[in-house]
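Analysis of the macromolecular model
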Amino acid sequence: MKVIGMISGTSFDAIEAVAMNLSLDDHVVSAELLAHCSVPYSPELRSRVALVLPDNATTIEEVCRLDTLIGQSFADVAGDLADECFESRADVVCSHGQTVFHWVDAGHALGTLQLGQGAWIAERTGATVVEDVRSRDIAAGGQGAPLASLLDVLLLGLHPARVRGSLNLGGISNITVVGPNAEPIAFDIGSSNALMDAAVTWLTNGEEVFDRNGERAARGHVDDALLAHLLADPYYDASAPKSTGKEYFHLAYLLGALGDREIAPDDLLATLCELTVETVARAAESYDVSELFVAGGGTRNPVVMAGLRRRLANVPIALIDEFGVPEDAKEACLFALIGFLSVHGLTGTIPSATGARQATVLGAIVPGRQPIASLSSEHSPTSIVFQDGRGT
């Protein structure tokens, strides 16, 4: 099946998209990656997205406008990939869209909102579109996150001989843990890039939006008192499964933590880097993770990666690329897989990872111009094998 997977993550800097050939035979998904692209939002659209994120106030008019504008941007990317890889005849596009709010109350996810109207994608590509992929898991009592646990379990194995962890370092860090004697578990650890990006944007009045290559953090020194204050947040001690986002870890949160403290800009970035390192390390240690595979934009911050290798000195750390999945394309590959499963009525969640009552078929479907042919298999996969078909 010809499938496109798409997402703009919590850093809301670009649309990540992949084109893949996917098939399922005898519980094994065969995944051929044909193309991966990262298409930045226009500066104007990125600014408008930033202005609707917590803790900003907005209007329902702006939400409506952004739903259309983001949907059109996703449609352009999907259409270009379909033209390039599938002679303009993709079967399925799964679009995560752009998260603007994830509603969590007393540790329970009650709702989630992703913008990017899928009708624009269906009209541009003619493909069946799967969208709104998190809500069904929430309706089943889950957190709606981390959905990456599905792909993580297929890659790392349901019950491997050693305890393995799959870590994503996006705006929010999340981890999936699999081991020989327990069901998989997954949860959002806390802020990864979210507070760092908020700090840089604030410090530079928007002229910069992230700490490129960790240069600021590398020049700074950790403020131990501020770090201790940040680590005392009760979210970190809450039991899994749990989820969070920028509706919690945002600029107002950071400014509240700073209070009247005087701290040099580079020291603030060094401290926030160490916050990511320490919270990830504590999460890995609490489940006795013996090897860790990492993906996400945070892998390109050498201060974070060096900190993790220092803090988890006895745990081998590698990129998820070792399983054939490019780390920068992992989330888009995940949503391609979810779209493939959903149009065939197969479940796309791991209940022990999201906290749901049962596994569910994810998403809302916008019909394409052609019906979807049924699979010969009626069983959900237990593993996935990636092949790079990009000719590189």
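Notes on the structure follow.

Rules of the game
- Counting of residues starts from 1 at the beginning of each chain's written sequence and follows it residue by residue.
- The predicted origin of the model limits local features to residues at a pLDDT of at least 70 and limits the giving and counting of side-chain atom pairs to 80 or more, whereas totals for whole chains, interfaces and linings rest on all residues.
- Only hydrogens and water are set aside; all other atoms, that is, all heavy atoms of the structure, feed into the side-chain values.
- Only buried residues count toward a nonpolar core. Its members are Ala, Val, Leu, Ile, Met, Phe, Trp, Tyr and Cys residues joined through side-chain atoms within 4.5 Å.
- Buried, partly exposed and exposed residues are distinguished by accessible area as a fraction of the type maximum, computed with a 1.4 Å probe on protein chains only: under 20%, between the cut-offs, and over 50%, respectively.
- To qualify as a helix, a DSSP run of H or I must reach at least 4 residues; to qualify as a strand, a run of E must reach at least 2; elements of each kind are numbered from the N terminus.
- Residues count as neighbours in contact if any of their non-hydrogen atoms are within 4.5 Å of one another.
- As a rule, the C-alpha atoms of each element are fitted with a line to give its axis, helices using only the stretch in contact, and angles between N-to-C directions run from 0 to 180 degrees.
- In these notes the angle categories are as follows: under 35 degrees is roughly parallel, over 145 is roughly antiparallel, 65 to 115 is roughly perpendicular, and the rest is oblique.
- Should the near helix be turned anticlockwise from the far one by less than a right angle, the crossing is termed left-handed; should it be turned clockwise, right-handed.
- Pairing of aromatic side chains requires ring centres within 6.5 Å, counting the rings of Phe and Tyr and the six-membered ring of Trp. Pairs whose planes differ by under 30 degrees are stacked, by over 60 edge-to-face, and all others tilted.
- This arc is built from the directions going out from the helix axis to the C-beta atoms.
- In this scheme, strands are said to pair when DSSP sees at least two bridges between them.
- When a carboxyl oxygen of Asp or Glu is within 4 Å of a side-chain nitrogen of Lys or Arg, the pair counts as a salt bridge.
- By definition here, a helix of n residues has an expected span of 1.5 Å times n minus one.

1. Examining the nonpolar core
Of all hydrophobic cores here, the largest spans 45 residues; its most connected members are Met20, Ile338, Ile384 and Phe386. Counting residues per element, the ones that place at least two in this core are β1 (2-8), β2 (14-25), β3 (28-40), β4 (92-105), α5 (149-156), β10 (291-295), α12 (330-343) and β13 (383-388). Of all the elements, α12 adds the most residues to this core, at 10 residues. Apart from the residues within four sequence positions on either side, Ile384 is in contact with Val29, Ala31, Leu151, Leu154, Leu155 and Leu337. In terms of nonpolar packing, the next biggest core, distinct from the first, is built from 44 residues, Ile172, Leu254, Leu268 and Ala284 among them.

2. A few points about the packing of helix α8 (residues 224-231) against helix α9 (residues 251-258)
Where α8 meets α9, the closest approach of the two axes is 10 Å, and the angle between their N-to-C directions is 125 degrees. What the angle tells us is that α8 and α9 run oblique. When you trace α8 past α9, the crossing you get is right-handed. For the pair α8 and α9, contact is made by Leu226, His229 and Leu230 and by Tyr253, Ala257 and Leu258, respectively.

3. Details of the packing of aromatic side chains
Applying the stated criterion across every chain, the model contains 9 aromatic pairs. For the pair Tyr248 and Tyr253, a centre-to-centre distance of 5.5 Å together with 45 degrees between the ring planes defines the contact as tilted. Both rings, one in Phe249 and one in Tyr253, keep their centres 5.1 Å apart while their planes meet at 70 degrees; by these two values the pair is edge-to-face. For the pair Phe249 and Tyr253, a shared accessibility class is recorded, and that class is buried. Each member of the aromatic cluster is reached from another via a ring pair, and the members are Tyr235, Tyr236, Tyr248, Phe249 and Tyr253.

4. What about the side chain of Thr276?
On the secondary structure map, Thr276 appears in helix α10 (residues 265-286). Classification of Thr276 by relative accessible area gives buried; the value is 1%. The contacts of Thr276, once residues within four sequence positions are left out, are Leu169, Ser191, Ser192, Met196 and Val304.

5. What to know about helix α1 (residues 43-52)
Buried residues of α1: Leu45, Arg46, Val49 and Val52, and no others. Along the long axis of α1, the arc covered by the buried residues comes to 125 degrees, so they all point the same way. For α1, the exposed residues set more than 90 degrees away from the buried face come down to Pro43, Glu44 and Leu51.

6. Here we look at the environment of Val209
Tracing the chain through its elements places Val209 in the loop between α6 (194-203) and α7 (215-219). Measuring from C-alpha to C-alpha, the distance between Val209 and Asp197 comes to 5.6 Å, with 12 residues separating the pair along the chain. Every residue in contact with Val209, bar those within four places of it in the chain, is listed here: Arg46, Asp197, Val200 and Thr201.

7. Topic: the sheet that holds strand β11 (residues 317-319)
What the 5 strands build is an open sheet, ordered β9-β8-β7-β10-β11; its pairing is mixed. In the strand order of this sheet, the two ends are held by β9 (182-191) and β11, each with one partner. On average, each strand axis in the sheet is inclined to that of its neighbour by 20 degrees, with strand direction left out of account. Direction of pairing for β10 relative to β11: parallel, over a ladder of 3 bridges. Residue pairing in the sheet places Val294 in a bridge with Leu319 of β11.

8. Quick look at the environment of Val63
Positionally, Val63 belongs in helix α2 (residues 60-86). Distance from Val63 to Val100, taken between C-alpha atoms, is 9.3 Å for residues 37 residues apart in sequence. Ignoring anything within four residues of it in the chain, the contact list for Val63 reads Thr58 and Leu115.

9. A word on the pairing of strand β8 (residues 172-179)
Extensive coverage of β8 is indicated by the burial of 8 of its 8 residues. Burial along β8 is two-sided: the face carrying Ile172, Asn174, Thr176 and Val178 and the face carrying Ser173, Ile175, Val177 and Gly179 are both buried. Pairing of strand β7 (residues 164-169) with β8 involves 6 bridges; the strand directions are antiparallel. The residue bridging Gly165 from the neighbouring strand is Val177, located in β8. Of the strand pairs in this sheet, β8 and β9 are connected by 7 bridges, and their pairing is antiparallel.

10. Here we look at the pattern of salt bridges
Per the stated rule, a full pass over the model turns up 17 salt bridges. As a salt-bridge pair, Arg65 and Glu61 come within 2.9 Å of each other at their nearest N and O atoms. Pair noted here: Arg65 and Glu61 are both in helix α2, with a separation of 4 residues, about one helical turn. Classification of Arg65 as partly exposed rests on a relative accessible area of 45%. When salt bridges with common partners are traced through the structure, they connect Glu208, Arg216, Arg219 and Asp266 into a single cluster.

11. A word on unusual backbone geometry
The residue after Pro54, namely Asp55, is reached through a cis peptide bond having omega 10 degrees. Among the structural elements, Asp55 can be located in the loop between α1 and α2.

12. Remarks on α10
Here α10 spans 32 Å end to end across 22 residues, near enough to the 32 Å set by a 1.5 Å rise per residue. Most of α10 is tucked away: 17 of the 22 residues are buried. With its phi angle positive at about 55 degrees, Asp288 sits one or two positions after the end of α10.

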